[in-house]
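# Commentary on secondary and tertiary structure
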Amino acid sequence: MTQDEMKKNAAWAALEYVPRHTVVGVGTGSTVNHFIDALATIKNDIKGAVSSSVQSTEKMRALGIEVLDLNDVDSFSVYVDGADEINPQHHMIKGGGAALTREKIVAAVADKFICIVDASKQVDVLGKFPLPVEVIPMARNYVARELTKLGGRPVWRDKVVTDNGNIILDVFDLKIVDPIALEQQINQITGVVCNGIFAMRPANLVLVGTAEGTQVLS
């Protein structure tokens, strides 16, 4: 079984956890693209979706799924998104697709966060995948110096502009043993919009696509 097939298995398994006649939060990325395909099969049974990126919005609208503005939605029950890494505590690194800030906002509103991944994304300690940090453009060099002080090696993701008009610094060489503390610390650096550690708001449920089927981790 290919990695993409394992992603697809996890994504379609998430459909079981989507309540009908409600709004669904939808993340961004290759695994989520499979979930959007699945969601389209029940589009007439949901009230619509809140999207975390322009990319996901365009795909959902092309499939006939109504996309709602988050400001028009007070709450919703489920947010489905992938991860670049996830540990046994369901803390994650996200942002490989540069949508981390909007993903974190949508996740904060949802009652439940369902993370869909293939088995390769499971790690014991976060940090092998470089940590994305969204930064105000004029603060790029200052923030990079501050991230270096934390032991990381920040690299500007050249020619990438987020949906919010900002830039991404990918921080290599971090071994994230206390994700909650580091998430808070990086967010306190002036010029940082958001960082890709999702620990203060971890996943409630993880669906892992494997060659043997989909594992459910609660």
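Above this note sits the structure.
Here goes a summary of the coordinates provided. (Residues numbered from 1 in each chain as written. Predicted model: local features only at pLDDT ≥ 70, side-chain atom pairs only at ≥ 80, totals over all residues. Heavy atoms only, no water.)

## Quick word on the sheet that holds strand β9 (residues 153-156)
Ordered in space as β9-β10-β8-β11, the four strands form an open sheet in which the pairing is antiparallel. Two strands lie at the open edges of the sheet, namely β9 and β11 (192-195), each paired on one side alone. With strand direction ignored, the average angle separating the axes of adjacent strands in the sheet is 30°. Bridge count for strand β8 (residues 131-135) against strand β10 (residues 167-172) is five bridges, and the pairing is antiparallel. Directly across from Val133, in β10, lies its bridge partner Leu169. Against the sheet, helix α5 (residues 140-149) makes contact with β8, β9, β10 and β11, and its axis sits at roughly 20° relative to β10, the strand it touches most. (Pairing = 2+ DSSP bridges. Helix = DSSP H or I, 4+ residues; strand = E, 2+ residues; numbered from the N terminus. Axes fitted to C-alpha atoms, helices over the stretch in contact; angles between N-to-C directions. Contact = heavy atoms within 4.5 Å.)

## A short note on the environment of Val160
When you line up the elements, Val160 lands in the loop between β9 and β10. For the pair Val160 and Gln89, spaced 71 residues apart in sequence, the C-alpha to C-alpha distance is 31 Å. Aside from chain neighbours lying at most four places away, what touches Val160 is Ala98, Asn166, Ile167 and Ile168.

## A word on the sheet that holds strand β7 (residues 110-118)
In spatial order, the strands read β3-β2-β1-β4-β7-β13-β14; together these seven strands make up an open sheet with mixed pairing. Two strands close off the open sheet at either side, each with one partner strand: β3 (67-68) and β14 (213-217). As paired elements, strand β13 (residues 205-210) and β14 share five bridges and run antiparallel to each other. Looking at β14, one finds that Thr210 is bridged to Gly213. In the packing of helix α3 (residues 54-62) onto the sheet, the strands contacted are β1 (23-26), β2 (48-51) and β3, and the crossing angle to β2 comes to about 160°.

## With respect to helix α6 (residues 179-187)
Taken together, the buried positions of α6 are Pro179, Leu182, Glu183 and Ile186. Angularly, the buried residues of α6 cover 105° about the axis, an arc narrow enough to put them on a single face. Tucked inside the fold, the buried residues of α6 contact α4 (100-109), β8, α5, β11 and β12 (197-198). (Buried < 20%, exposed > 50% of the residue type's maximum accessible area, 1.4 Å probe, protein only. Arc of directions from axis to C-beta.)

This is a description of form; function is not addressed.
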